[in-house]
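Summary of the model geometry
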Amino acid sequence: MDVHRCRFVPFQPSGINSIAFSHTKTRSARHGALARMAVGRANGDVEIWNPANGAWQQETILRGGKDRSIESLVWVNEPDTEVSDGRTILGKSRLFSVGYSSTVTEWDLEKGRPKRHASGQHGHIWCMAAIPAEAGKADSQLVVGTNDGELVIYSTEDGDLRFQRVLVRSPTKKAQIVSVAFQTRKIAIVGCSDSTVRAYDITNGHMLRRMTVGADLVGSASNTIVWAVQCLANGNIVSGDSTGHLTFFDGKTYTQMQRIQGHKQDILSLAVSFDGKTIFSGGMDRKTVLYKQGSSSDKRWGKSWGRRYHEHDVKSLATFESGPTSVLVSGGPDTNLAVMPLKQMGKENHRILSSLPQQPPLASAPASRFVVSWWERQVHIWVIHKSANDIISGADEDLDLSQNRKLLKTIIIKGDSNISDATISECGTFLAVSTSTDVKAFKIDLPTVEEPGYVLQPSDLEMSTVEVPARLRKLGASKLQLSRDLKWLCVVSEGSAVRVVEVEREEDDIRLGPIRRLRRLQRSVPRYIRIGGMGNYERTITHTVFSPDSIMLATADLAGYIDTWVLNAESQDGDAAKNGEPGQTSSGSESSDSEEESVAEGSDTWTRNPNGKLLPKLPAAPAVLSFSAQVPGEDGATDYILLGVTGQWTVNLFHPLQGSLTPWSRRHPKKALPAPFQDLLDLAKGCFWQDTRVWIYGVSFLGMLDTSLDLPKPSDVPESEAEAAGMKRKRTGYATGAGSKMAQRSLVPHRISRHVNGAADEDIDMDDVTRSDDEHEGVHSDDEAADAAAGQLVQARNGQEGSSGELSQPTSHKKSWWMTYKYRPVFGVVALSETEVVLVERPLWDVDMPDRFIAGEPWER
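Residues numbered from 1 in each chain as written. Predicted model: local features only at pLDDT ≥ 70, side-chain atom pairs only at ≥ 80, totals over all residues. Heavy atoms only, no water.

An unreviewed UniProt entry annotates the chain as WD40-repeat-containing domain protein originating from Emericellopsis atlantica.

Here it is, written out as structure tokens:
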């Protein structure tokens, strides 16, 4: 396998401004399964993450647009309802956002786009909070603070969003409201830019108390900005300000109780555990600090832990507690999420969640050797001139590998919405791009050059727009996929509606034909589940893929259901009609479906796979969906092979025409996978096939499974050999949703200097200190296993005996699995042929970040 390892794709992830959990503390397992995390970014995108007991899967991205930013996110949960049969309908979860404008936006999670907007006669909104709910009642109001010092109420009653009234107006407009929290349902605590924390009665707008946090001890600022406020379970108030101080106020008398210098620069964010016994702060000094309350009679607070998890400011913090899961999540301009243990802080490792999208915005046109990437409103088309073999065979000492690639075109998509997906044909002559409000198509004219060694230039490409049916443009799309023969374009709109468009080619002309809606299988989901919680959000389609011969189409949704359709030729139309599977259109529940064009008699039609209902449901949301190169009727094959990898690391191979698992998949459940696969914390992002081998990659790994060979069983192998081959799992105990537990003595220094008066200093290497056998084993067993596995990997790369994927055996034997961590962070991998791929990395140090306001040294800015 030839790998073009490259970093030339200038993907620019956006900074994190806000993090919010739908349920910060869950009451039951059902509420825990319903919980989601929303992440608001500076480019207007909102990411929806599923904690999934520590899997942390990015499910969908709600796309923003030009000059939009998400500055605050708030979830509103309706109360649970008990029905007559004893069942409980979970309350619906609604997501709201604001972003440096006078508008509040509600997001439609099922359709993946804004649902409604509301605004009033007030200044730009800087912060937002939901009024706490009473037992059995919905939290039906939002309170926002503006840059004009106004406190405004919006109503969310009856599933609507509307401006209600301005609660507080500032006569001078000099004090901006930059943070807000609730002490009770009637008392709002706001942080202002004039060194004050204020308490307001929201029933009448009266100010109950005005508390001063104090001036900067250094005296460099006339006013202190209170960037964050929180209320503890006992009613006390805590604030973080621009002097780096954490200030505590009594919740009854509104007097200052204590002041702690928590950071060297501004405190930008605060988070409090559900029981109010733990406080976290994040600041401009990049530190996240933990505070605990002492056990003495005065109950004073103190700093217990502080560490830098980010390369820039810590702008947002949020806690989440659900069963054994107990974590703190932070984010900022460095674009990555950091997940830290909450209750086990100092006992478990943290974990960094990459800012790179779960589904790579990357595609290829193998016949033309094009690589296409997209983000925000830009599409870039690159060409890779020579294969790796050609480079090596014709290399000279002055070879510049950067000359092997060329940026051919940069396309700026008109409109305000960010790109949701794009797809290019295998031959590189047709490109389709979608946003949440539009679909655009382009025809690419390639030059006809027979001169050997000719290097394609940007001027050689001519692009023209292809007319898209008005119905398709109106709907927009979240997913696009072209068939390999460039005859069909699959479009997923409104989150879960599947449509196919015929691509008609006549000589040098390309146009889009009739739109055909495909009906999905009706799943037996109880009504009390559909009308509550997240509604039909889990039916959102996240993956679409055509078979190699373009005869079958498969989709997968967040619930784990796989729908498949087959293309029936004219001779099969009668049988399809008899089976009641028209496939090409669907009246559905929307009257607008009737606007879709009918299909001419005798044309090809898509019908549901007769055995599609037999396909097993995936045990978790899919992370990868892909067809192998196997086609029925070739080389004795009788069915396709469809791969589905979930966020819980179950690898499933299906025979879709039969509606069953393959024999290999039946023999290899999750527990039969090699230990390195089971120990992975990062999710799979994609895959590519090499005959019967499937190469699965994530942000920090690249692994291979050979579906024609059985995997070795560690139970049948001596422990020493299994450990050396990397087949023994590294168990460090149960984790609470962040990283694994810290190993014993992981905080012990490696070297100690001993000073004796009148004698020279002596350096003591702690590795040479005599320890007990049990302690030695506990400390070094994992390291020894890693070293042994690394040695096997080096042997595999050098073509020697043994590998990290198998036990020691002759090199003539095929390896059943293999894994490397050499490439990271992996942005995406696309194939140029069956033996040649382009692997794109996007390291954080190569990403342009905004300058820090305060830095210790010039190189830290």
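Quick notes on the overall build of the chain
Broken down by element type, the chain carries 9 helices and 59 strands. Burial status across the chain gives 55% buried among its 861 residues. Across the chain, the fraction of contacts at a sequence separation of at least 24, relative to all contacts at a separation of at least 6, is 54%. (Helix = DSSP H or I, 4+ residues; strand = E, 2+ residues; numbered from the N terminus. Buried < 20%, exposed > 50% of the residue type's maximum accessible area, 1.4 Å probe, protein only. Contact = heavy atoms within 4.5 Å.)

What to know about the confidence of the model for the chain
On average, residues of the chain carry a pLDDT of 85, and 83% of them reach 70 or more. Contacts of residues 570-595 to residues separated by more than four positions or lying in other chains number 41 contacts, the stretch itself having pLDDT below 50. A low-confidence stretch, residues 597-602 stays under pLDDT 50, and its non-local contacts, those more than four residues away or across chains, total 9 contacts. (pLDDT = per-residue confidence, 0-100.)

Looking at the pattern of salt bridges
For the structure on display, the rule yields 33 salt bridges. The partner of Asp 80 in a salt bridge is Arg 27, and the shortest N-O contact between them spans 2.8 Å. Of this pair, Asp 80 sits in the loop between β6 (72-77) and β7 (81-82) while Arg 27 sits in the loop between β2 (16-21) and α1 (29-34), placing them 53 residues apart in sequence. For Asp 80, a relative accessible area of 28% puts it in the partly exposed group. According to the relative accessible area criterion, Arg 27 is exposed, its value standing at 63%. Among the ionic pairs, Glu 502 bridges to Arg 516, the shortest N-O distance being 2.8 Å. Here Glu 502, found in strand β42 (residues 497-506), pairs with Arg 516, found in strand β43 (residues 509-518); they are 14 residues apart in sequence, far enough to count as distant. (Salt bridge = Lys/Arg side-chain N within 4 Å of Asp/Glu carboxyl O.)

Remarks on unusual backbone geometry
In this model, Arg 824 is joined to Pro 825 through a cis peptide bond whose omega is -10°. Tracing the backbone shows Pro 825 in the loop between β57 (817-820) and β58 (826-833). The phi dihedral of Asp 67 is positive, around 55°, even though this residue is not glycine. You can see Asp 67 is positioned in the loop between β5 (57-62) and β6. At Leu 486, a position not held by glycine, the phi torsion is positive, near 55°. By the secondary structure assignment, Leu 486 is in the loop between β40 (479-482) and β41 (488-493). When its relative accessible area of 2% is taken as the criterion, Leu 486 is described as buried.

A closer look at the sheet that holds strand β24 (residues 267-272)
On the basis of which strands lie adjacent, the open sheet formed by 4 strands has the order β24-β25-β26-β27 and antiparallel pairing. The strands lining the two open edges of the sheet, one partner per strand, are β24 and β27 (301-308). Adjacent strand axes in the sheet meet at a mean angle of 20° when their direction is disregarded. Where strand β26 (residues 287-293) lies against β27, 7 bridges are found, and the strand directions are antiparallel. (Pairing = 2+ DSSP bridges. Axes fitted to C-alpha atoms, helices over the stretch in contact; angles between N-to-C directions.)

Observations concerning the side chain of Ser 273
Counting through the fold element by element, Ser 273 comes out in the loop between β24 and β25 (278-283). Judged by relative accessible area, which is 5%, Ser 273 ranks as buried. A distance of 2.6 Å separates a polar atom in the side chain of Ser 273 from a polar atom in the side chain of Asp 275. A distance of 3.4 Å separates a polar atom in the side chain of Ser 273 from the backbone nitrogen of Lys 277. Among residues more than four places away in sequence, those in contact with Ser 273 are Thr 278, Thr 319, Glu 321 and Leu 342. (Polar contact = N/O pair within 3.5 Å; in protein donor to acceptor, adjacent residues only side chain to side chain.)

Structural notes on a negative patch on the surface
Together, Glu 506, Glu 507, Asp 508 and Asp 509 line one region of the surface with negative charge. Position of Glu 506 among the secondary structure elements: in strand β42. Note on Glu 506: relative accessible area 53%, which makes it exposed. (Patch = residues over 30% accessible without salt bridge, like charges linked within 9 Å, V, L, I, M, F, W, Y side chains within 5 Å. Areas by Shrake-Rupley, 256 points an atom, 1.4 Å probe, with all protein chains shown as cover. Lys, Arg positive; Asp, Glu negative; His and termini not counted. Charge placed at Lys NZ, Arg CZ, Asp CG, Glu CD.)

Side note on the nonpolar core
The biggest cluster of nonpolar side chains holds 21 residues, and the ones touching the most others in it are Leu 643, Val 645, Trp 649, Phe 677, Ile 696 and Leu 705. Residue contributions to this core peak at 3 residues, all from strand β52 (residues 684-690). For Leu 705, the contacting residues outside a window of four places in its chain are Val 651, Trp 664, Leu 673, Pro 674, Phe 677, Thr 692, Arg 693, Val 694, Ile 696, Leu 711, Ser 816 and Trp 817. Counting residues in each nonpolar core, the second largest holds 20 residues, with Ala 365, Trp 374, Ile 381 and Leu 461 among its members. (Core = buried A, V, L, I, M, F, W, Y, C linked by side-chain atoms within 4.5 Å.)

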